[in-house]
Amino acid sequence: MTTIETWINNHESVYKAATRHSFIISIRHGSVDLSSFKRWLGQDYLFVRKFVPFVGSVLVKACKESDDESDMEVILSGLASLNDEISWFKKEAAKWDVQLSAIAPLQTNQNYCRFLESLMQPDVSYAVAITAFWAIEAVYQMSFAHCLEDDAKTPSELREACERWGNEGFGKYCDSLKKIANRCLSKGSNDVQVKAEAMLLQVLELEVEFWSMSDGQIN
Ligand SMILES: Cc1ncc(CO)c(N)n1
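Residues numbered from 1 in each chain as written. Predicted model: local features only at pLDDT ≥ 70, side-chain atom pairs only at ≥ 80, totals over all residues. Heavy atoms only, no water.

- In the annotation of an unreviewed UniProt entry, the protein is listed under the name Bifunctional TENA-E protein and assigned to Spinacia oleracea.

In structure tokens, the structure reads:
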């Protein structure tokens, strides 16, 4: 088993809470409250704007610390898709009459963005940062792919959102990130492994809270 597989098995309940959250289940059932979806849209737009510099910091670490030059290309493709994502959020917000410039980040979103900032520090190793990057992307991939399964009743006007992260290409990209992370972790010291596992757990918890915030359960 790979390091990441072992950790997912060890933390199965929080992994499931992050990838099968009631907000995602409500999209899949077609019972989602549209005000929740709009809240998610506005808050996630703000999150993605903070996610870009984090991914930029992972790219810098890859250029300095990686022993495989193809890592840079995978991370760069992630940045390119974030560029498309920002345009998509603007277009989608217009469709739903969500005024992005008027939205302030909720507390939970602020907490998550502060966590991203802490991971941008130069003392955070490439192995820890790339594991976080994979985890953040993989939660969205797993969650939204669930909304596109054959028996899902996802409303047609929400399918495009689900397809952004649930499509096969995004799945392959997440697999590439996971492969890089596993390679770096297998070469990492015990200290790096301990830090990366704790950080993975934090990402999963923050993702659960982000869904709960979107659903209006917490701020
Ligand atoms: C909260 C959150 N997690 C992960 C992603 C994936 O990019 C996102 N857009 N937002």
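**Considering the overall build of the protein**
Link 1 in the chain: When helices and strands are counted, the protein shows 10 helices and zero strands.
Link 2 in the chain: Taking 219 residues into account, the globule formula puts the C-alpha radius of gyration at 17 Å, and the protein, at 17 Å, falls close to it.
Link 3 in the chain: Its C-alpha atoms put the protein at 45 × 35 × 30 Å along the principal axes.
Link 4 in the chain: Burial statistics for the protein: of 219 residues in total, 51% are counted as buried.
Link 5 in the chain: Put simply, 86% of the contacts in the protein that link residues at least 6 apart link residues at least 24 apart. (Helix = DSSP H or I, 4+ residues; strand = E, 2+ residues; numbered from the N terminus. Rg over C-alpha atoms; globule rule 2.2 N^0.38 Å. Buried < 20%, exposed > 50% of the residue type's maximum accessible area, 1.4 Å probe, protein only. Contact = heavy atoms within 4.5 Å.)

**Thoughts on the site of the ligand**
Link 1 in the chain: Around the ligand, the surrounding shell consists of Asp44, Phe47, Val48, Phe51, Tyr112, Ile136, Glu137, Tyr140, Trp165, Glu207 and Phe210.
Link 2 in the chain: Side-chain polar atom of Glu137 to an oxygen atom of the ligand: 2.8 Å apart, as the coordinates give it.
Link 3 in the chain: Here a nitrogen atom of the ligand and a side-chain polar atom of Glu207 are 2.6 Å apart.
Link 4 in the chain: Here the ligand has 280 Å² of accessible area as a free molecule, and 100% of this is covered by the chains.
Link 5 in the chain: Of all elements in the fold, only helix 4 (34-65), helix 7 (126-146) and helix 10 (190-214) reach the threshold of two or more residues within the shell around the ligand. (Near = heavy atom within 4 Å. Polar contact = N/O pair within 3.5 Å; in protein donor to acceptor, adjacent residues only side chain to side chain. Areas by Shrake-Rupley, 256 points an atom, 1.4 Å probe, with all protein chains shown as cover.)

**As for the UniProt feature "domain: Thiaminase-2/PQQC" (unreviewed entry) in the protein**
Link 1 in the chain: Mapped onto this structure's residue numbering, the UniProt feature "domain: Thiaminase-2/PQQC" (unreviewed entry) falls at residues 10-214.
Link 2 in the chain: Between the first and last C-alpha atoms of residues 10-214 the distance is 27 Å; the span itself is 80% helix and 0% strand. (UniProt positions renumbered as here; feature names shortened; annotations may be inferred.)

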